[in-house]
Amino acid sequence: MFVERERTAVDGRKSSQRPQRSHHEVADVLRSRIRSGELRPGQRMPTQAKLADEFGVERGAVRQALRILQSEHLLTNVSKGSPATVASRLVKPSAGGPGLAPRPTMVELGPRVSSAFAAPHVEIDALCLTSVSLTLAVGEPLREIHAGRIKPARVDVRVLLPSRDIALAFPTPVDASLDGRLQRRWLAQRNAQGQVLQHNLLALRSTHGIDVHVSFRALPFTPPVKLYLLNGSEALFAYYTVQRKEAEVGSEQLEMYDAEGTQSMLFAFEQGATSALRDTTFVEQSHLWFNALWETISSELLLTS
């Protein structure tokens, strides 16, 4: 971890050149300063330009580090024009590990996706049931891009979704003799959400000149879990907890088995020099697992009814 600030020679030039540090290392140092009290609750952070100069990194890496700390509730106002502020009430790390306790998908995923978009090359791999959560999560970084506050050079998104040709394990009617209305409703949602995600991201090509690639492939099974891999360094994992419930489909109330993906508790694992070996290994194995599915048993997916 880098803790010593660069000294500057009399003529203003840096006295030594050091390897470029990652945004995770920058976040580690700033997190340590906040936890130790060197940066106090309510205190303004140095400007992004000053932090970039101090750590010898690009401002994009600083923004990404600040967004990580914002997702941990250590900073506020990261997206504002003025410097970020140390949170007035700091959240203590959960027992048994350096990270926060798992939180619902729609609480945890958005800030982490926003952090990922501060990198020059954004890489997101997702395995899920409909991509609803991911489509919602990319909304904030898209607003940041349109506001001119961030601009990645390249965005690569790969999404694995269940095939339309399988009988879903869920959502499924309790009465197996019913027709395929639930399957058709899920398929319409899968296609609509995928189309919105694809359209919003690909639009960045023409509006901001960003090199964007979005790909979908179909799985031959219903995934019992959801997985998001961000920039090769983070894995976010959640279980789909299936429950028996009732919902209106068309004009009829149907009993079904289904899971509420946006409320699934998301466990976060990070890869890095200061991460536990367990976390680093989980991220690595998650990438291997995703790539294996993508390259072997998945098939072409068309977002059509």
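For clarity, every value in this text was computed on a predicted model and none was experimentally measured. (Residues numbered from 1 in each chain as written. Predicted model: local features only at pLDDT ≥ 70, side-chain atom pairs only at ≥ 80, totals over all residues. Heavy atoms only, no water.)

Enumeration according to the criterion identifies 16 salt bridges in this entry. When the shortest N-O distance is used, the salt bridge between Arg158 and Asp125 registers 2.9 Å. Of this pair, Arg158 sits in strand S5 (residues 154-162) while Asp125 sits in strand S4 (residues 121-127), placing them 33 residues apart in sequence. For Arg143, the salt bridge goes to Glu140, with nearest N and O atoms at 3.1 Å. Of the two residues, Arg143 and Glu140 are both situated in helix H6 (residues 139-146); the distance of three residues between them amounts to about one turn of the helix. According to the relative accessible area criterion, Glu140 is partly exposed, its value standing at 28%. Via salt bridges that share partners, Arg103, Glu108, Arg112, Glu234 and Glu270 belong to a single interconnected network. (Salt bridge = Lys/Arg side-chain N within 4 Å of Asp/Glu carboxyl O. Helix = DSSP H or I, 4+ residues; strand = E, 2+ residues; numbered from the N terminus. Buried < 20%, exposed > 50% of the residue type's maximum accessible area, 1.4 Å probe, protein only.)

All right, on to the sheet that holds strand S9 (residues 234-239) then. Pairing is mixed across the open sheet formed by eight strands, whose spatial order is S3-S12-S9-S8-S4-S5-S7-S13. Single-partner strands in this sheet number two, and they are strand S3 (103-104) and strand S13 (299-300). (Pairing = 2+ DSSP bridges.)

What follows concerns the pairing of strand S7 (residues 211-219). Here S5 pairs with S7 via nine bridges, running parallel. Opposite Arg154, over in S7, you have Asp211 as the bridge partner. Relative to S13, S7 runs antiparallel, the two being bridged by two bridges. In the strand pairing of S13, Arg217 is matched with Glu300.

This paragraph deals with a nonpolar patch on the surface. The grouping of Tyr239, Met265 and Phe267 at the surface amounts to a nonpolar patch, some 300 Å² of accessible area in total. Assignment of secondary structure puts Met265 in strand S12 (residues 265-270). Given a relative accessible area of 38%, Met265 falls into the partly exposed group. (Patch = residues over 30% accessible without salt bridge, like charges linked within 9 Å, V, L, I, M, F, W, Y side chains within 5 Å. Areas by Shrake-Rupley, 256 points an atom, 1.4 Å probe, with all protein chains shown as cover.)

Moving on to the environment of Gln64. Here Gln64 lies in helix H3 (residues 59-71). Accessibility expressed as a relative area gives 4% for Gln64, which makes it buried. Sequence-wise, Gln64 and Val78 are 14 residues apart; in three dimensions their C-alpha atoms are separated by 9.9 Å.

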